[in-house]
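Next come the chains, spelled out residue by residue.
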Amino acid sequence: MAKKVGVSEATVSRVLNGKPGVSEPTRQAVLSALDVLGYERPTQLRGERARLVGLVLPELQNPIFPAFAEVIGGALAQLGLTPVLCTQTKGGVSEADYVSLLLQQQVSGVVFAGGLYAQADAPHDHYRLLADRNIPVVLVNAAIEHLGFPAVSCDDAVAMEQAWRHLASLGHERIGLVLGPEDHVPSARKLAAARALGDLPDEHVARAMFSLEGGQAAATRLIERGVTGIVCASDPLALGAVRAARRKGLHVPSQISVVGYDDSAFMNCTEPPLTTVRQPIEAMGRAAVELLNTQIGGSSVPAEELLFEPELVVRGSTAQAPRD
């Protein structure tokens with residue numbers, strides 16, 4: 001323990017026994033090391049929460065989530081807080097299991113950067129558990145109503161408006177959407193915005209799991225129904241749509257235009273480079289940490305959603321609509 005923190009064994013002993021003569025930063029460093037290494041705190045120190053913050057991600061395959069983790073983790077570290085990364089895997093540790101684990105570690109707070117709060121039909125009891133324990137929590141991106149936590153979100157309606165108007169300006173009249181499951185709140189917001197913008201028959205809306213393969217399957221259905229432009233709810237879905245067009249012998253963008261969402265890493269290196277709607281992850285991540293730190297400091301934060309403006313990034317996957 002002393003070696004990890006870079007202090008003497010006597011200093012560690014003083015902290016563990018609650019003795020005076022240790023600076024507050026050193027004391028917190030020792031306690032954080034105790035938590036990180038998995039040791040239980042001495043009984044007299046149990047009431048004091050660790051300087052640990054849970055950072056819960058739904059996956060790492062979509063590059064947007066590691067990007068959020070990097071921004072949020074860096075901002076937490078600047079405040080002397082240690083992020084504990086919790087990533088779900090299929091058939092592995094569930095979100096509820098991670099919450100139980102974080103509560104055992106007496107974390108100071110939790111940031112969810114995507115998760116079950118975005119799905120109306122998913123279990124939500126573990127969120128209520130955090131609320132009941134008065135653990136500071138911040139959610140990143142759209143959540144179901146009535147959870148009672150502050151959130152920072154990219155404005156899904158504006159994102160759809162930017163993508164739709166871009167395709168319409170290029171002459172596309174048959175525009176299709178590749179969205180997440182029906183209970184996925186950000187997808188529902190995008191759909192509502194698209195319906196408000198123009199004619200969108202039900203057969204031009206395809207649902208998919210958030211993966212390249214899911215995007216390919218959904219886009220294949222849309223292409224068979226005659227769409228010339230496709231707006232996707234994530235970049236991996238959009239890459240799947242590009243693959244679907246190619247498998248159909250169609251050229252992107254001269255015959256099919258594709259727009260992604262996120263502007264995650266390397267989307268400017270794909271072939272063609274992907275036109276997409278960028279989430280301002282730096283600003284969103286820092287705002288999430290600021291909201292969390294305010295709560296950790298004992299101040300209340302309104303359970304409101306802060307909406308951040310996305311930005312259309314035009315690259316090589318969109319072009320003028322083909323002439324019939």
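Residues numbered from 1 in each chain as written. Predicted model: local features only at pLDDT ≥ 70, side-chain atom pairs only at ≥ 80, totals over all residues. Heavy atoms only, no water.

Draft legend 1. Expanded view of the sheet that holds strand β4 (residues 137-140). Across the sheet, six strands lie side by side as β2-β1-β3-β4-β5-β11; this open sheet has parallel pairing. Edge strands, defined here as strands with exactly one partner in the open sheet, are β2 (82-87) and β11 (305-308). Neighbour-to-neighbour, the strand axes of this sheet turn through a mean angle of 20 degrees, independent of strand direction. Where β4 meets strand β5 (residues 151-154), two bridges bridge the pair, whose relative direction is parallel. From the neighbouring strand, Val 140 faces β5, where its bridge partner is Val 152. Each of β1 (52-57), β2, β3 (109-112) and β4 is contacted by helix α4 (residues 64-78), which is oriented at about 170 degrees to β1, the strand it contacts most. (Pairing = 2+ DSSP bridges. Helix = DSSP H or I, 4+ residues; strand = E, 2+ residues; numbered from the N terminus. Axes fitted to C-alpha atoms, helices over the stretch in contact; angles between N-to-C directions. Contact = heavy atoms within 4.5 Å.)

Draft legend 2. How the structure looks around the domain arrangement of the chain. Once the domains are mapped, the chain shows domain 1 (2-45), domain 2 (52-154 + 280-309) and domain 3 (156-278). Look at where the C-alpha atoms of domain 2 and domain 3 centre, and you get two points 28 Å apart. Residue-level contacts link 17 residues of domain 2 with 15 residues of domain 3. Taking both sides of the interface into account, the surface hidden between domain 2 and domain 3 amounts to around 1300 Å²; carbon and sulfur atoms contribute 52%. The largest contributions to the domain 2 side of the interface with domain 3 come from Pro 63, Ala 142 and Cys 154, which together make up 32% of the buried area. Counting across the domain 2 and domain 3 interface gives five residue pairs in polar contact (both at pLDDT 80 or more). Per-class residue counts for the side of domain 2 that touches domain 3 are 11 nonpolar, two polar and four charged. (Domains from an automatic or database assignment. Buried area = accessible area lost by both parts, 1.4 Å probe. Polar contact = N/O pair within 3.5 Å; in protein donor to acceptor, adjacent residues only side chain to side chain. Nonpolar A, V, L, I, M, F, W, Y, C, P; charged D, E, K, R; others polar.)

Draft legend 3. Looking closely at unusual backbone geometry. Backbone torsion omega between Val 252 and Pro 253 reads 15 degrees, so that peptide bond is classified as cis. Residue position: Pro 253 is located in the loop between α10 (235-247) and β9 (257-262). Residues Glu 271 and Pro 272 are joined by a peptide bond in cis, for which omega reads -5 degrees. With respect to the helices and strands, Pro 272 occurs in the loop between β9 and β10 (275-278). In this structure, His 146 is a non-glycine residue whose phi angle is positive, near 70 degrees. Following the sequence through the fold, His 146 ends up in the loop between β4 and β5. Note on His 146: relative accessible area 78%, which makes it exposed. In this model, Asp 262 sits at a positive phi of 130 degrees, which is unusual for a non-glycine residue. (Buried < 20%, exposed > 50% of the residue type's maximum accessible area, 1.4 Å probe, protein only.)

Draft legend 4. Region of interest: the packing of aromatic side chains. Taken as a whole, this structure holds three aromatic pairs when the rule is applied. Between the aromatic rings of Phe 112 and Tyr 117, the centroid separation amounts to 6.3 Å while the plane-to-plane angle is 75 degrees, which identifies the pairing as edge-to-face. Residues Tyr 117 and Tyr 127 carry aromatic rings whose centres are separated by 6.1 Å and whose planes lie at 75 degrees to one another, so their mutual orientation is edge-to-face. In this pair, Tyr 117 sits in the loop between β3 and α6 (125-132) while Tyr 127 sits in helix α6, placing the two residues 10 residues apart along the sequence. The structure contains a cluster of three or more aromatic residues connected by ring pairs, namely Phe 112, Tyr 117 and Tyr 127. Against the face of Tyr 261 rests Lys 190, its NZ or CZ located 3.8 Å from the ring centre. (Phe/Tyr/Trp six-rings, centres within 6.5 Å; stacked < 30°, edge-to-face > 60°. Lys NZ or Arg CZ within 6 Å of the ring centre and 35° of its normal.)

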